[in-house]
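Okay, here's what each chain looks like letter by letter:
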Amino acid sequence: MQEPIVIVGAGQAAASFASRHIALGNRTGLLLIGDEPEPPYQRPPLSKKYMSGELEKERLFIRPEQWYSEQGITTFFGTRVVAIERNRKQVETTNGDTFGYDRLLLCTGSSPRKLPAAIGGDLAGVYTLRNIADVEAMAPEFQPGRKLLIVGGGYIGLEAAAVARKLGLEVTLLEMAERILQRVAAPETSDFFRNLHQGHGVDIRESTQLAGLLEDSGQVVGAELADGEQIQADLVLVGIGATPNSELAEKCGLDCNNGIVVNDICQTSDPNIYAAGDCSNFLRNGQSIRLESVQNAADQGDLIARVLAGEDVRYNALPWFWSDQYDCKLQIAGLNIGYTEIVLRPGTKPGGQSIWYYAKDRLIAVDAMNDPLAYAMGRKIISAGLHPSPQQIADTGVDLKSLAK
Ligand code: FAD
């Protein structure tokens, strides 16, 4: 009997693979092994509507749990894979069970970076945000008037700040770099979100280094900054980025470099093993990148199912991303890596605007704030490989739709 396709990690990429595999009528059996107790779910609401209590847990799941068994997919949730034996083509789980595979998919995601224990990273009241369990642990602490300290001014920290303000917490946010979102966005986008958060009463401290967290009997009570200032805090959320879950791949000798290295069909250095989502590292326009986004996880999972069904497809999807903070929706199309020029275009509605990124005369990305039309047209223009001039983009008299043709 043919061994099944085994998927390690039951998240966004795994669910996308499984859906496409079933839709294509591929008859090879599927075995899905995930270390969280739940079936695959969407993480974006964890720092948005699930965190604020506006979305029920059931709404997080990508497919209802029974869908997997209805499709003949064998699942082991709450089960961790600890080793891959490539010679025998099998994986081993924590409880010593082994499962043979015909093809193996690594969809293991990424893990949030933690603050070192030496500066208080292990204290009670210090959280990171990746899983349903993290939100459930933190939720009782989100009470009006409590003081939340957020370490890190990336998307997760900023989204959590917005939720916390909405729930009536006092929020201070520390960013070590010169500006929030420095790693991912232009200064103009950082300015937009700094103003937005300051307008909602968040105390944003940029170019600010944390010296260490302060404790009382093992519970965090505040933080000391590098300049000696002390800040009180009842709880701390650490949002300082994530690292790929590539240990399994490294241990069994697959090529890894900031993630599991894959080619344009998401195949690793072992032709029987594929990787998708946050844990994968691939070439885009000759540059080695790793993306942490729903788009990348879903599209890579989908592509692997097509590849295994015999389709001749290559991964070159246009990246897109979004973030919700207060009443602002940020939508991003493309990747701004290597940009040389920025063009700002006011939106058609009050408060809306878009930032367009050029690498010399090539349009490579757009950040649209409360401007869905700019996002939709930007995505279309970039996907089509069109390069309108910066003057055309800046001129609100020019209809974006006319540039997308
Ligand atoms: P995951 O969905 O993380 O799934 C990986 C799974 O594998 C996890 O359950 C993990 O526990 C499990 N696993 C790991 N190792 C093993 C093992 N050895 N054995 C068994 N199981 C294992 N993206 C956007 O595009 N827009 C957003 O607004 C957005 N917001 C986000 C907000 C938050 C709070 C977070 C955490 C992420 C957000 N993202 C957002 C990113 C997006 O959710 C991820 O990029 C996406 O979930 C990645 O999918 P994945 O399948 O690679 O990994």
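The structure displayed is predicted, hence computed values, not measured ones. (Residues numbered from 1 in each chain as written. Predicted model: local features only at pLDDT ≥ 70, side-chain atom pairs only at ≥ 80, totals over all residues. Heavy atoms only, no water.)

A.B. asks: I would appreciate a short explanation of the packing of helix α1 (residues 12-23) against helix α7 (residues 294-308) in the present structure.
C.D. replies: The geometry of a pair of packed helices is captured by two quantities: the angle between their axes and the separation between those axes. At a minimum axis distance of 7 Å, the contact between α1 and α7 shows a crossing angle of 35°. Note on packing geometry: the crossing formed by α1 with α7 is right-handed. Residues Gln12, Ala13, Ser16, Phe17, Arg20 and His21 of α1 form the contact with α7, whose own contacting residues are Val294, Ala297, Ala298, Gly301, Asp302, Ile304, Ala305, Arg306 and Leu308. In the contact of α1 with α7, the residues fall into eight nonpolar, four polar and three charged. (Axes fitted to C-alpha atoms, helices over the stretch in contact; angles between N-to-C directions. Helix = DSSP H or I, 4+ residues; strand = E, 2+ residues; numbered from the N terminus. Left-handed = near helix turned anticlockwise from the far one by under 90°. Contact = heavy atoms within 4.5 Å. Nonpolar A, V, L, I, M, F, W, Y, C, P; charged D, E, K, R; others polar.)

A.B. asks: For this particular structure, what's the right way to read the domain arrangement of the protein chain?
C.D. replies: Put simply, an interface is often sized by how much accessible area is lost when its parts join up. According to the domain assignment, the protein chain contains domain 1 (5-111 + 242-308), domain 2 (114-238) and domain 3 (327-403). Placing a centre on the C-alpha atoms of domain 1 and another on those of domain 3 gives a separation of 32 Å. (Domains from an automatic or database assignment.)

A.B. asks: Can you help me understand unusual backbone geometry in this one?
C.D. replies: Most peptide bonds take the trans configuration, and most residues that are not glycine carry a negative phi. Positive phi values are uncommon outside glycine, yet leucine 181 reaches one of about 60°. On the secondary structure map, leucine 181 appears in the loop between β11 (170-174) and α5 (187-199). By relative accessible area, which is 3% here, leucine 181 ends up buried. In this model, lysine 360 sits at a positive phi of 55°, which is unusual for a non-glycine residue. Structurally, the position occupied by lysine 360 is in the loop between β25 (353-359) and β26 (362-369). With relative accessibility at 69%, the residue lysine 360 sits in the exposed group. (Buried < 20%, exposed > 50% of the residue type's maximum accessible area, 1.4 Å probe, protein only.)

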